[in-house]
Amino acid sequence: MTKPLVGIIVGSASDLAVAEKAAAILREFEVAFEVGVASAHRTPEDVINYASSAADRGIKVIVAMAGLSAALPGVVAAHTTLPVIGVPIASGPLSGSDALLAVAQMPPGVPVASMGIDGAKNAALMALRIISTRDDSLTWKLASWAQKAADEVRASRAKVAEKNMPDVPTHVFQPEIED
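The present account deals with the structure reproduced in this document. Here the structure is a predicted model, which means the values were calculated and not measured.

## Let's talk about a nonpolar patch on the surface
On the surface, a cluster of nonpolar side chains totalling about 230 Å² of accessible area is made up of L16, V35 and V37. Its place among the elements puts V35 in strand β2 (residues 33–37). Given a relative accessible area of 44%, V35 falls into the partly exposed group.

Following this line, the structure appears as structure tokens:
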């Protein structure tokens, strides 16, 4: 069994739907991960135990997702030296903007990389980029993935031009590629 390289921790089971977006990317890249549920407010001992033992379990990056006050990423970061990526979850009356500010405003000495609200996909890609600094095959996979995404955008642009839709520019910019 492969040891997980990425740890995903959510503050509540209701956040698992967002976590699944990160999990899908990690599966696509065939990178082992684990998912846990622990609340910074209701089970702080569990969060501390998770964060402080992650490196010993082989985890290289932790993605911490939480809504409302979103204390989870900061508490995790306070108890590990691993990179922590915070994902604010859209919830509550402010639809996640409070969580975004909480994740982005960590005090000095407790760094957390902040993604956008529900930005689990980008969090997984950032985790992969961090891990790829020591894994050339993963670097290659990320480059291939980015090229495929660019090709999809170019193909969609060509389809729009083919339909010659009113009020849509028909000129398709194709940059020249030097050999």
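## Notes on the pairing of strand β1 (residues 6–10)
Burial of β1 is extensive: five of the five residues sit out of reach of the surface. Residue alternation in β1 divides its side chains into two sets, V6, I8 and V10 and G7 and I9, and both sets are buried. With five bridges joining them, β1 and β2 adopt parallel strand pairing. Along β2, the bridge assignment pairs I9 with G36. Chirality of the crossover, the property in question, places the unit of β1, helix α1 (residues 16–28) and β2 among those that are right-handed.

Parameters and conventions
Residues numbered from 1 in each chain as written. Predicted model: local features only at pLDDT ≥ 70, side-chain atom pairs only at ≥ 80, totals over all residues. Heavy atoms only, no water. Patch = residues over 30% accessible without salt bridge, like charges linked within 9 Å, V, L, I, M, F, W, Y side chains within 5 Å. Areas by Shrake-Rupley, 256 points an atom, 1.4 Å probe, with all protein chains shown as cover. Salt bridge = Lys/Arg side-chain N within 4 Å of Asp/Glu carboxyl O. Helix = DSSP H or I, 4+ residues; strand = E, 2+ residues; numbered from the N terminus. Buried < 20%, exposed > 50% of the residue type's maximum accessible area, 1.4 Å probe, protein only. Pairing = 2+ DSSP bridges. Right-handed = clockwise from strand over helix to strand, strands pointing away.

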